[in-house]
Amino acid sequence: MARPLAWLGQGAVYGLLALGIGYCSSNPDLTRFPPDMALVRLSFAHGAERREPCRTRSPEELRELPPNMRRPQACSRERLPVLVELELDGEVLYRASLEPTGLARDGPSRVYERFRVPAGRHQLTARLRDSRRAEGFDYERQVDVDLRPRQSLAIDFRSETGGFVVR
Amino acid sequence: MNRLRAALRTAFERLEVLLDAAFPPAWNPLYHLGGLGFFFYWIVAVSGVYLFIFFDTGITAAFASVERLTHDQWYAGGVMRSLHRYASDGMVVVMVLHLVREFSLDRYRGARWFTWVTGVPILWLVFLSGITGYWLVWDTLAQYVAVVSTEWLDRLPIFGLSIARNFLSSATLDDRFFTLMIFLHIALPLVLLLVLWIHLQRVKRPEINPARGLAAGMFLTMLALSLVKPATSHGPADLGAVPADLGLDWFYLGLYPLFESWPGVASWGMVLVLTLILVALPWLPPFRAAPAAVVDLANCNGCTRCALDCPYEAIQMMRRSDGRPFEAEAVVDPDRCVRCGICAGACPTSMPFRRASALIPGIDLPELTVATLRERVDAAGAELRAARRAGAPQVMLFGCHPGIDVTALRNEAVGAVSLACIGQLPPSFIDYVLSRDLADGVALTGCAEGECRHRFGIDWTEARLEGRRDPHLRKRVPRERLETIWVGRPETGRLRDALDAFLARLGEVEAPKALRRAAVPPSRQLEAGADHG
């Protein structure tokens, strides 16, 4: 190929490379969420009560233990599952019994769930049971929300602050 | 698998021929994809150091500091940021092309398995380095990357607590997690460099710097792109809103829409299965390699030429084991030998003139020995001369298996012998053909210039012919009767044209005195060739 043509050819190759990289580094756009929807995320890590209640050790039992292990209460490690329920306008969005984590099942139960809901006014109700009770819930929170399009609403749970936290 | 490889190879070869028309061989980007990968790495590293100087590592201040870099000092920080991004993208482009091309050329099996397998973690490290980089800008794209990445990681049942919880809301946002990302974005490229070093352990003289012209062309391309389309951020991250319309960098984040929408088993399964397939590819199916090169100690004087010429570090010089008065002997590692025969071409005992004893060189390819080569040359020469017509010159054409099938070009004017690699041809064979009057000229062909299938076959051959590398072509060989034609496989037409032109030139060449020795009895020719060894 004649030299000027070769230079042109090289320019074309470099130009195509620049075009490809320049375009694909930010195009085509990804539209991943409908404009009339909002997102509700439910996430927490919470340890339920122990499966067996703690028992107070007798003075004889304590005496038999090495001094550094003489804790007055004897507790099993395994925890109960956490029952969680989320309702939107009276309809159940999510209900699950969350098993404790860990090989000894002594870790917190955890959840991370996303729900696409229509933007607008809604009533959200979150409930949680973490005790040995057979019916009902230990925590419940009901909030009225006005979700903007593409708003992301987070529902957390912190027992130390009284239960569900909506952000 | 063979059909896929052949189709890809044909596509690459056509593209290479096209680029050969525009680029000199040393500048053809397809011949230097690995070196270009390194070049882009250094651009990314240098620009990254500059950006880090001005980058604020606090999660609330990161976005603002990147904006300042991009807009307030667009001429320096902005350009550096764009170079950082586009060179990273360029790295993915050349890396993927390099992978596919090596696959198409069947350079991933047999002795090359190590280089292939160590390339797989490089893929992961490059992508992880890029992904952690996007995280640091902390714009809505970073938010998307952070949320999808952590949700995807959470689908693995190995983490006690949800990582994605860190990005639930601004209140749960943990500054320490962001610090971890900065650490990873620096540490991963350093690990990448280490793995790149391991990747090249079985490659002699690896090309880690492309030719200056090619490097300059690539750098100017990246610079021009940075000025024309500077890299910019999306809006600042807001965990109270869903990042919806995103300009993804598809080179790094192309799989993210799948990670987000596919179930964990499917998305993790896809990635892990793809990785496993890549790792296992050298054995799918197992490579049935020809026997590796063998050393014949009786003919090896430990001259080291084979070890110096081997492109794959498959030959080591070890202490002499047979008690003969030489310092070293060549030892072949069959696991590294790719059966190119370049070692046999380098051995000074690969001497076709030898008739008194069997032609067994110090090192040889069992599948295509130097003795077999001589037989084929003799046969091709006899065939040629039987068809000789007065005034019509004839050429002995040497080619290689990976290149054009030279045996298909045989006719009354062209005799042809194919080798494992053109570097397998000892220069004394050229002397042999001409001094024995087996042909009027010798033509050497192989792969396209700048892209020898066995890396150094063309380089070493050129150097031997020019007397720059042992074993030299003897000075008595008339150079006007020798032609080298380096063309790619799809360029049979070019090879034919070059042969026709060579034959025409030969017709004009008067036989030099040296060739008249063809009439000398074989016993005296043997003496004449003895000074090769």
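Residues numbered from 1 in each chain as written. Chains lettered and ligands numbered in written order. Predicted model: local features only at pLDDT ≥ 70, side-chain atom pairs only at ≥ 80, totals over all residues.

Trainee: Teacher, can you tell me more about the sheet that holds strand E7 (residues 414-419) of chain B here?
Mentor: Residues and elements named next belong to chain B. The sheet built from four strands is open, its strands ordered E7-E6-E8-E9 with parallel pairing. Each having just a single partner strand, E7 and strand E9 (482-485) make up the two edges of the open sheet. For this sheet the average axis-to-axis angle between neighbouring strands, irrespective of direction, equals 20°. In this sheet, E7 lies alongside strand E6 (residues 395-400) in parallel orientation, the contact comprising six bridges. (Pairing = 2+ DSSP bridges. Helix = DSSP H or I, 4+ residues; strand = E, 2+ residues; numbered from the N terminus. Axes fitted to C-alpha atoms, helices over the stretch in contact; angles between N-to-C directions.)

Trainee: In this structure, what is going on with unusual backbone geometry? I would like to understand it.
Mentor: Across the chain, the bulk of peptide bonds are trans and the bulk of non-glycine residues have phi less than zero. Following A:Asn27, the chain continues to A:Pro28 via a peptide bond in cis, the omega torsion being -10°. By secondary structure assignment, the location of A:Pro28 is in the loop between helix H1 (3-24) and strand E1 (29-31). Note that the residue after B:Asp470, namely B:Pro471, is joined by a cis bond; omega there is -10°. On the secondary structure map, B:Pro471 appears in the loop between helix H16 (457-465) and E9. One non-glycine residue with positive phi stands out, namely A:Asp89, at about 50°.

Trainee: Would you take a moment to explain the confidence of the model for chain B for this structure?
Mentor: Where the model shows low pLDDT, its predicted coordinates should not be examined in detail. Residue and element names in this part refer to chain B. Residues of chain B with pLDDT of at least 70 account for 95%, and the chain-wide mean is 90. Low confidence marks residues 519-533, where pLDDT is under 50. Its contacts with residues over four positions away, or in another chain, come to 19 contacts. Scored as a complex, the prediction yields pTM 0.84 and ipTM 0.86. (pLDDT = per-residue confidence, 0-100. Contact = placed C-beta atoms within 7 Å.)

Trainee: Quick question: what am I supposed to make of the environment of B:Gly77 here?
Mentor: Residues and elements named next belong to chain B. By the secondary structure assignment, Gly77 is in helix H4 (residues 74-104). Here Gly77 falls in the buried class, since 22 other C-beta atoms lie within 10 Å of it. Gly77 sits 231 residues away from Leu308 along the chain, and the two C-alpha atoms are 46 Å apart. Each residue touching Gly77, except ones within four places of it in the same chain, is listed here: Leu51, Phe54, Leu69 and Thr70. (Buried ≥ 20, exposed ≤ 12 C-beta atoms within 10 Å, placed from the backbone.)

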